Amino acid sequence: MSLQEKRIGILGGTFDPVHYGHISIAESFLDADILDELWILLTPDPPHKTEQAQADYQLRLKMLQEAFKGFDNVKVSDIEKQLPQPSYTIQTLEFLKSRYSGYTFYLCIGGDSLHNFKKWKDWEKILQICDLFVAQRPSTDTQAIDESIREHAHFADHEPIRVSSTMIRQAVAKGDDISELLPSSVKKIIDKEELYRVINHE
Ligand code: ATP
């Protein structure tokens, strides 16, 4: 295969902070044998999380880089930082498609997000640019998914882990132990930079 024909999965998020749920979903996408690479896009300012102030972008980026160190097929990307805000997925995909015209992109999402997908800005345009790659339990019934979406969807078997960044931020603010929820290299940054000690609202 030439470089021009790479199949790239795009997994976006605020990763505030990155945790084992993110690492495990990334592994499920890579294990499914569709992708050559998974690009993890750190979002500066997601349109759906306006009520919450994020930890500094460079620190979230550093935590992501630590978490995915050693994953040969994963690239952590700050490309959304260079694009106009807020970071709509359609804008990012249009940019990637123009910059890497020979690549095939797959938008990687969790099964939960699939049910809201028609609420995403320009969802039909998104499906003209790329297919969806959905991580969900092997037992999930895909027949219930709207046909207009299902014909553009591929599935990766995935057992979700019950952890979220919100859970971690709240645990740190309460002084609870988070070492089971994310890699120790990420916890070190949280400790050193004193992140999430107070719950931060804008
Ligand atoms: P928050 O709690 O701040 O809303 P989050 O934990 O959901 O954050 P995001 O950065 O919003 O993390 O997630 C990035 C991507 O990872 C999204 O596609 C999201 O669905 C997925 N994701 C988040 N947590 C998990 C998890 N535990 N298992 C699988 N996928 C997850």
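Residues numbered from 1 in each chain as written. Predicted model: local features only at pLDDT ≥ 70, side-chain atom pairs only at ≥ 80, totals over all residues. Heavy atoms only, no water.

A. Spotlight on the pattern of salt bridges. The tally for this structure, following the rule as stated, stands at 11 salt bridges. Here Glu 147 makes a salt bridge to Arg 150, at a shortest N to O gap of 3.1 Å. In this pair, Glu 147 and Arg 150 are both assigned in helix 6 (residues 147-150), 3 residues apart and thus about one turn of the helix distant. For Glu 147, a relative accessible area of 46% translates into the label partly exposed. Residue Arg 150 is classed as partly exposed on the basis of its relative accessible area, which comes to 22%. With a shortest N-O distance of 3.7 Å, Asp 176 and Lys 174 are connected by a salt bridge. Via salt bridges that share partners, Lys 6, Glu 37 and Lys 75 belong to a single interconnected network. (Salt bridge = Lys/Arg side-chain N within 4 Å of Asp/Glu carboxyl O. Helix = DSSP H or I, 4+ residues; strand = E, 2+ residues; numbered from the N terminus. Buried < 20%, exposed > 50% of the residue type's maximum accessible area, 1.4 Å probe, protein only.)

B. Summary view of the sheet that holds strand 3 (residues 74-77). With parallel pairing, 6 strands are arranged side by side in an open sheet as 3-2-1-4-5-6. Each edge of the open sheet carries a strand with a single partner, namely strand 3 and strand 6 (153-157). Across the sheet, the axes of successive neighbouring strands diverge by a mean angle of 30°, strand direction being ignored. By the bridge criterion, 5 bridges tie strand 4 (residues 104-110) to strand 5 (residues 131-136) in an arrangement that is parallel. Considered in strand 5, the bridge of Cys 108 is made with Phe 133. Packing against the sheet, helix 1 (residues 20-31) makes contact with strand 1 (7-13), strand 2 (37-42), strand 3, strand 4, strand 5 and strand 6, and its axis sits at approximately 120° to strand 5. (Pairing = 2+ DSSP bridges. Axes fitted to C-alpha atoms, helices over the stretch in contact; angles between N-to-C directions. Contact = heavy atoms within 4.5 Å.)

C. Fine view of the state of the cysteines. For the structure shown, the criterion picks out 0 disulfides. Left without a disulfide partner, Cys 108 is nearest to the cysteine sulfur of Cys 130, which lies 9.0 Å away. Residue class for Cys 130 comes out buried when judged on its relative accessible area of 3%. (Disulfide = S-S within 2.5 Å.)

D. Structural view of helix 7 (residues 165-174). Among the residues of helix 7, those classed as buried are Ser 165, Ile 168, Arg 169, Ala 171 and Val 172. Looking straight down helix 7, one finds that the buried residues subtend no more than 165° of arc, so they occupy a single side. If you follow the buried residues of helix 7, they end up packed against helix 1 and helix 8 (184-193). Positive backbone phi, at 85°, marks Gly 175, one or two positions downstream of helix 7. (Arc of directions from axis to C-beta.)

E. Main features of the nonpolar core. Counting 39 residues, the largest nonpolar core has Phe 29, Leu 38, Phe 68 and Ile 190 as the members making the most contacts within it. Contributing elements (two or more residues each) for this core: helix 1, strand 2, helix 2 (57-67), strand 4, strand 5, helix 7 and helix 8. Not counting chain neighbours up to four residues away, the residues in contact with Leu 38 comprise Gly 9, Ile 10, Leu 11, Ala 26, Leu 30, Asn 73, Val 74, Lys 75 and Cys 108. Counting residues in each nonpolar core, the second largest holds 24 residues, with Trp 39, Ile 90, Leu 93 and Leu 96 among its members. (Core = buried A, V, L, I, M, F, W, Y, C linked by side-chain atoms within 4.5 Å.)

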